[in-house]
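# An overview of the molecular structure
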Amino acid sequence: MKLSDIKNILPDLENVIFQLENGNFVPEHFHVTEVGITSKDFIDCGGVIRHEKAVNFQLWNANDFEHRLKPGKLLHIINLSEEKLGIGDFEIEVEYQNETIGRYGLEFNGTHFILKNKTTACLAQDACKVPSAKEKIALTELYKNEANSCSPNSGCC
């Protein structure tokens, strides 16, 4: 989800709710402690220099049970960060501490935001000669053509 997407969604919400992919919800007394931009400059294993930018939201479970972040307040924080930091319309990455600090992608399911698990990947598979995954098929599919199959008591095996 890009920054423009969340800015379009927030005005229509009554509450800001985040849920992890495993079904657990971020406690409703969370705070957004940071909205910023992160940039990552790196060389992949194939020697290609890469540059990535993302809008970063940091969620924090506060012991402040009296306050709830409302959509208008989050939109104000986003607008302020765009103005003061010059943030562009990049993909959003959310930092949230469960057992450790995790970084999540963000989606919206029509009622609340989903923190999507991120995975690692090789960006230079051609250079690394990583074999592509073979298609998995059921053994029962191998011998659908009777001409290429063997049956019990046929004498072929």
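Below you will find a few notes about this structure.

Parameters at a glance
- Residues numbered from 1 in each chain as written.
- Predicted model: local features only at pLDDT ≥ 70, side-chain atom pairs only at ≥ 80, totals over all residues.
- Heavy atoms only, no water.
- Pairing = 2+ DSSP bridges.
- Helix = DSSP H or I, 4+ residues; strand = E, 2+ residues; numbered from the N terminus.
- Buried < 20%, exposed > 50% of the residue type's maximum accessible area, 1.4 Å probe, protein only.
- Contact = heavy atoms within 4.5 Å.
- Expected span 1.5 Å × (residues − 1).
- Arc of directions from axis to C-beta.

## Considerations on the pairing of strand β6 (residues 113-117)
- Summarising the sheet, strand β1 (residues 18-20) and β6 pair through three bridges and their orientation is parallel. Opposite F18, over in β6, you have F113 as the bridge partner.
- When strand β5 (residues 101-108) meets β6, the two strands line up antiparallel, connected through five bridges. When the sheet's bridge partners are listed, Y104 is paired in β6 with N117.
- The antiparallel pairing of β5 with β6 creates a hairpin that spans four residues between the two strands, and G110 there sits at a positive phi of about 105 degrees.

## Some words on the side chain of S81
- In this structure, S81 sits in helix α2 (residues 71-85).
- Residue class for S81 comes out buried when judged on its relative accessible area of 7%.
- S81 has contacts with V35, G86 and I87, leaving out every residue within four places of it along the chain.

## Observations regarding α2
- Between the first and last C-alpha of α2 there are 21 Å, a value that for 15 residues agrees with the 21 Å anticipated at 1.5 Å per step.
- Those residues of α2 that sit buried are P71, L74, L75, I78 and S81. For α2, the angular spread of the buried residues around the axis is 125 degrees, confining them to a single face. Those residues of α2 that are exposed and aimed more than 90 degrees away from the buried face are E83 and K84.
- In this fold, the buried residues of α2 make contact with α1 (3-9), β2 (30-43) and β3 (49-61).
- A positive phi of about 65 degrees marks G86, the residue just after α2.

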